[in-house]
Amino acid sequence: ATARLKVGSHSSTPLAGPVIAAGPTNGTTGSASVTAAARILSARERTRGRRLAYHVGARKDFEEHTVVREGLGPLPFFEELGFEIQLLFQGAPEPASRARVTDALAALEVDHPFDMVPDRVSLTRMLREGSADLLYGCGSLHEEVRAAAVPQLAIGQLHPGLSGAEDGWARITALLAPEAQP
């Protein structure tokens, strides 16, 4: 099932006809918005079923509920593109930590599978074992991601709005292209 993220002002409405018909909300012309939305809709066919490792919280001193809430803003974009998403939370794999993440995800109505990543070395191993097609996460993880031979889209490379979604899709397409594979 598609997760519904209820964080801040992000909408969890899947990109569909009513959204396209609503017209521009980012200062673009109506036809540009419709064109961008049509391109994103067609992008689903190329990403549906691809595996995305979505890494959150590359810092040691975090509270699970804060990291979960603040780290999942772009999640609906990847859901709308049809990725199979595995959430990876930086933190101790102890049962208490997992329970706090589970509770935080449940409160946000996010139902993607997740795992805890205790350290950077474990991230490389988990990426290799999980057969991810793409990692979305902190750019400082580039060495670990490269060692796993997985392309990375760094946090901050996505931009809001339909024009931002189109740019994000272009970046993802380039990263998933066979010739771009490490």
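Residues numbered from 1 in each chain as written. Predicted model: local features only at pLDDT ≥ 70, side-chain atom pairs only at ≥ 80, totals over all residues. Heavy atoms only, no water.

1. Side note on the nonpolar core
Residues Tyr54, Leu72, Phe78, Phe83, Leu87 and Ile172 are the most contacted members of the largest nonpolar core, which totals 27 residues. Looking at this core, the elements with two or more residues in it are β1 (51-56), α4 (75-80), β2 (84-90), α5 (95-107), β3 (114-117), β4 (134-137) and α8 (161-176). It is α8 that provides the largest number of residues to this core, a total of 4 residues. Look past the residues within four positions of Phe78 in its chain and what remains in contact with it is Leu52, Tyr54, Phe83, Ile85, Tyr136, Leu153, Leu158 and Ile172. (Core = buried A, V, L, I, M, F, W, Y, C linked by side-chain atoms within 4.5 Å. Buried < 20%, exposed > 50% of the residue type's maximum accessible area, 1.4 Å probe, protein only. Helix = DSSP H or I, 4+ residues; strand = E, 2+ residues; numbered from the N terminus. Contact = heavy atoms within 4.5 Å.)

2. Quick look at the environment of Leu135
Tracing the backbone shows Leu135 in strand β4. Looking at Leu135, the relative accessible area reads 0%, which means it is buried. Separated by 17 residues in sequence, Leu135 and Gln152 have C-alpha atoms that sit 4.7 Å apart.

3. Overview of the pattern of salt bridges
Per the stated rule, a full pass over the model turns up 7 salt bridges. In this structure, Asp115 engages Arg98 in a salt bridge whose closest nitrogen and oxygen atoms are separated by 3.4 Å. Taken together, the residues Asp115 in strand β3 and Arg98 in helix α5 connect sequence positions 17 residues apart. When its relative accessible area of 30% is taken as the criterion, Asp115 is described as partly exposed. Residue Asp167 is joined to Arg171 by a salt bridge in which the shortest nitrogen-to-oxygen separation is 3.1 Å. Of this pair, Asp167 and Arg171 both sit in helix α8, 4 residues apart, roughly one helical turn. According to the relative accessible area criterion, Arg171 is partly exposed, its value standing at 31%. (Salt bridge = Lys/Arg side-chain N within 4 Å of Asp/Glu carboxyl O.)

4. With respect to α5
Given a rise of 1.5 Å per residue, 13 residues ought to cover 18 Å, and the 18 Å separating the end C-alpha atoms of α5 matches this to within 8%. Regarding α5, the residues found buried are Ser97, Val101, Ala104 and Leu105. Mapping the buried residues of α5 onto a view down its axis gives an arc of 100°, with all of them on the same face. Of the exposed residues in α5, the ones pointing more than 90 degrees away from its buried face are Pro95, Asp103, Ala106 and Ala107. Where α5 terminates, the next one or two residues include Glu109, which has phi positive at roughly 60°. (Expected span 1.5 Å × (residues − 1). Arc of directions from axis to C-beta.)

5. Quick word on the pairing of β1
Among the 6 residues of β1, 5 are classified as buried, and the element is accordingly described as predominantly covered. Two strands pair when backbone bridges link them, and β1 and β2 are joined in this way by 6 bridges, in the parallel orientation. Bridge pairing in β2 links Val56 to Phe89. Note: β1 against β4, 3 bridges, orientation parallel. Across the sheet, residue Leu52 finds its bridge partner in β4, namely Leu134. (Pairing = 2+ DSSP bridges.)

6. Some remarks on the packing of aromatic side chains
Per the counting criterion, the structure on display carries 6 aromatic pairs. Consider the rings of Tyr54 and Tyr136, whose centres lie 5.0 Å apart with planes at 50°: the pair is tilted. Separated by 82 residues along the polypeptide, Tyr54 in strand β1 and Tyr136 in strand β4 bring together distant segments of the chain. With a relative accessible area of 0%, Tyr54 lands in the buried category. When the centroid spacing of 5.0 Å and the interplanar angle of 50° are considered together, the rings of Phe78 and Tyr136 count as tilted. (Phe/Tyr/Trp six-rings, centres within 6.5 Å; stacked < 30°, edge-to-face > 60°.)

7. Some thoughts on the confidence of the model for the protein
Residues at a pLDDT of 70 or more form 71% of the protein, whose mean pLDDT is 77. Taken element by element, the protein is modelled with least confidence in helix α1 (residues 17-21), mean pLDDT 29, and with most confidence in β4, mean pLDDT 95. Scored below 50 in pLDDT, residues 1-26 makes 49 contacts in the model with residues more than four places away or belonging to other chains. (pLDDT = per-residue confidence, 0-100.)

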